[in-house]
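Observations on the three-dimensional arrangement
Okay, here's what each chain looks like letter by letter:
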Amino acid sequence: MLLRPATLVAVAAAVAGCSSPAPVAPSAPPTLREGAAVMAVAELGSALVQHRTTGEPAVDDAVAGARALGVTVEAVRFVDEDPAVTATLPRGRFAAVADVAWRVDGFDRASAHAEVTVLLEQRDGATHVVGFGGGSRPDPLWLSGHLAVRRTPGVVVAGADASIVDRTVPLARRAVAEVGAVLGHPVRMVVEIPVTSAGLDRELGADEGRYAAIAAVTTYVGKDAGPRTPVHVFVNPQVFGGLSPSGAQLVMTHETTHLATDAVHAKSPLWLLEGYADHVALRDTTLPLTRTAGQIGAQVRKEGVPKELPAATAFDAHASHLGAVYEAAWRICEVLAAERGEATLLELYRRTAAGEPVGGVLHALYGFGEEELTRRWQDDLRRIAALPHRGR
Ligand SMILES: [Zn+2]
């Protein structure tokens, strides 16, 4: 799965309406002492920038996470209090918004930026950093500390659970090799694995449940979506961990293809971006078409062939028949690869990624446009649907 900037925008829940008169509070709640909060966040920033422990457990955990992943923190700056998040916290705790800039050394070409929620506690006349996260802001994995990090040439895999990190490393290494061989250049990649699906939502600053059904996503780190903003692969361990070895490899190579082809910035239609990622991931598969295209085959037997190439909305994580849509997109790329080979398919990808309309590039490279491609693809799907299969 691929996440492009337009879909990264977190939708703020609008809370409106009137309420009945509130009972008189026994005492006014404490308020955040902003000067002290600015100082506490500045001290956090100084500790992170210098990788220096302070004796505050939450700060030291974050420093440990930054050290483990090889994160250079460039700046941490207090922005404001977030009263809506503060209202959900125990008395005496406050949510501050801090602007953080960081990069993973040796991998990220530029810094990621995000407004991060820093949890503060006022006690004993002092203000302490006690945690991070909340308010639908990105919660970087390394801030929570205690990371298992495995480095191999070109690949770093980081996660809170060492066993899933260890299981992911060979998949990521193989993915980088497979994708590099097709694209003809080396691939470097950071894979981040939060401990749960909800942790993935929090890390990406997404609404709860947004990534519950997806195995992995390739997207920007932090909040920016600029041309040099780092892009990493983020894994949902609760889905990914349940996949077969071949299924997990397919997902990893698919995501690595997105990363290595800069799909987040590509202007190509989604059927080409997603279909190409599966084309690379399934290039050497020995699985039969009844497995790799089983869902679209069943759909065609039931409803006939799709009338048009899949629209962008069909790839939404919440769309129905998502598996069939991905298989269908993959078959478009297989039809094209069978027609003119690997290099021409990659050229179609690159030229459309740069903004050329797909119809024109198809004509230039293949001698036919989307209509003829649709016809050939429908024939391919009919052939797959007619293969001997098990079940209904
Ligand atoms: Zn994808």
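Below or above, wherever it landed, is the structure these notes cover.

What counts, and where the lines are drawn
- Per chain, residues are indexed from 1 in the order of the written sequence.
- In view of the model being predicted, local features appear only for residues whose pLDDT reaches at least 70, and side-chain atom pairs are presented and counted only at 80 or more, with totals across whole chains, interfaces and linings using the full set of residues.
- Excluded from the side-chain calculation are hydrogens and water; included are all heavy atoms of the structure.
- Throughout, exposure labels follow a simple rule: accessible area from a 1.4 Å probe, protein chains only, divided by the maximum for the residue type, with under 20% read as buried, over 50% as exposed, and the rest as partly exposed.
- Every helix listed is a DSSP run of H or I at least four residues long, and every strand listed is a run of E at least two residues long, numbered separately from the N terminus.
- Relevant arc is that of directions from the helix axis to the C-beta atoms, nothing else.
- What makes two residues a contact is simply this: any of their non-hydrogen atoms within 4.5 Å.
- Between Lys or Arg on one side and Asp or Glu on the other, a salt bridge is scored when a side-chain nitrogen of the former is within 4 Å of a carboxyl oxygen of the latter.
- Note on definitions: the grid is 1 Å and covers protein atoms alone; a cavity is a set of points where a 1.4 Å probe fits but cannot get out; a pocket is an open set with protein on both sides within 12 Å along at least five of seven lines; lining residues have an atom within 4 Å of a point.
- Grid points are joined across faces, edges and corners, and a volume is the space filled by probe spheres set on the points.
- Each residue is assigned to one class: nonpolar for Ala, Val, Leu, Ile, Met, Phe, Trp, Tyr, Cys and Pro, charged for Asp, Glu, Lys and Arg, and polar for all the others, Gly among them.
- Here the limits of each domain have been adopted from an automatic or database domain assignment.
- Only strands that DSSP links by at least two bridges are regarded as paired with each other.
- Orientation is described by lines fitted to C-alpha atoms, with helices fitted over the stretch in contact, and by angles between N-to-C directions that extend from 0 to 180 degrees.
- Within 6.5 Å between ring centres, the rings of Phe, Tyr and Trp (the latter by its six-membered ring) count as paired, and their orientation is classed by plane angle as stacked under 30 degrees, edge-to-face over 60, tilted in between.
- Criterion for a charge above a ring: Lys NZ or Arg CZ within 6 Å of the ring centre, and within 35 degrees of the ring normal.

Burial in helix H10 (residues 294-303) covers these residues: Ile296, Gly297, Gln299 and Val300. Buried positions in H10, seen along its axis, are confined to an arc of 165° and lie on one side of it. Contacts made by the buried residues of H10 are with helix H11 (322-340) and helix H14 (370-385).

Relative to the elements of secondary structure, Thr352 occurs in helix H12 (residues 342-353). Residue contacts for Thr352: discarding those within four places in its chain leaves Lys267, Ser268, Leu272, Val358 and Val361.

Our focus in this paragraph is the pattern of salt bridges. In this structure the tally under the stated criterion is 18 salt bridges. Its salt-bridge partner being Glu356, residue Arg351 comes within 3.1 Å of it at the nearest N-O pair. On the basis of relative accessibility, which here comes to 36%, the residue Glu356 falls in the partly exposed class. A salt bridge links Arg382 to Asp379; the shortest N-O distance between them is 2.9 Å. With Arg382 and Asp379 both in helix H14, this residue pair falls 3 residues apart, about one helical turn. On the accessibility criterion, Asp379 (48% relative accessible area) is partly exposed. Here the salt bridges share partners, and the residues they tie into one network are Glu339, Arg340, Glu372, Arg375 and Arg376.

In this section: the layout of surface pockets. Size it by volume and the largest pocket reaches roughly 1000 Å³. At the level of elements, helix H4 (162-183), helix H7 (245-260), helix H8 (270-281), helix H9 (289-292) and H11 are the ones that each hand at least two residues to the lining of the largest pocket. With 7 residues, the single largest contributor to the lining of the largest pocket is H7. Residues belonging to the lining of the largest pocket are distributed by class as follows: 18 nonpolar, 10 polar and 8 charged. There are two domains that each give the lining of the largest pocket at least three residues, and those are domain 2 (147-259) and domain 3 (266-392). Estimated volume of the second largest pocket: approximately 430 Å³. Lining the second largest pocket are 19 residues, with Phe107, Arg109, Arg188, Val231 and Leu259 sitting closest to its centre. Of all elements in the fold, only strand S7 (189-193), strand S9 (231-235) and H7 reach the threshold of two or more residues within the lining of the second largest pocket. For the lining of the second largest pocket, the class distribution of residues is 10 nonpolar, 4 polar and 5 charged.

Moving on, we get to the sheet that holds strand S8 (residues 216-220). The strands that make up a sheet are held in pairs by hydrogen bonds between backbone atoms, and each pair lies either parallel or antiparallel. Read across the sheet, 5 strands follow the order S5-S6-S7-S9-S8 without closing on themselves; strand pairing throughout is mixed. Edge positions in the open sheet fall to strand S5 (148-152) and S8, since each of these has one partner strand only. Averaged over all pairs of adjacent strands, the angle between strand axes in this sheet comes to 20°, irrespective of strand direction. Sheet topology places strand S6 (residues 155-159) next to S7; 5 bridges connect them, and they run parallel. Looking at the pairing, Val156 lines up with Val190 of S7. Sheet strands touched by helix H2 (residues 57-69): S5 and S6. Its angle to S5, the strand with the most contacts, is close to 15°. Packed onto the sheet, H7 meets S7, S8 and S9 and runs at close to 15° relative to S8.

This next bit is on the packing of aromatic side chains. What describes a pair of aromatic rings is the distance from one ring centre to the other and the angle between the planes of the rings. Considering all chains together, one arrives at 4 aromatic pairs under this definition. Judged by centre distance (4.8 Å) and plane angle (45°), the ring pair of Tyr276 and Tyr349 falls under tilted. In this pair, Tyr276 sits in helix H8 while Tyr349 sits in helix H12, placing the two residues 73 residues apart along the sequence. Comparing Tyr276 with Tyr349 shows no difference in burial state: the two are buried. Here Arg188 stacks its cationic end above the ring of Phe107, 4.7 Å away from the centre of that ring.

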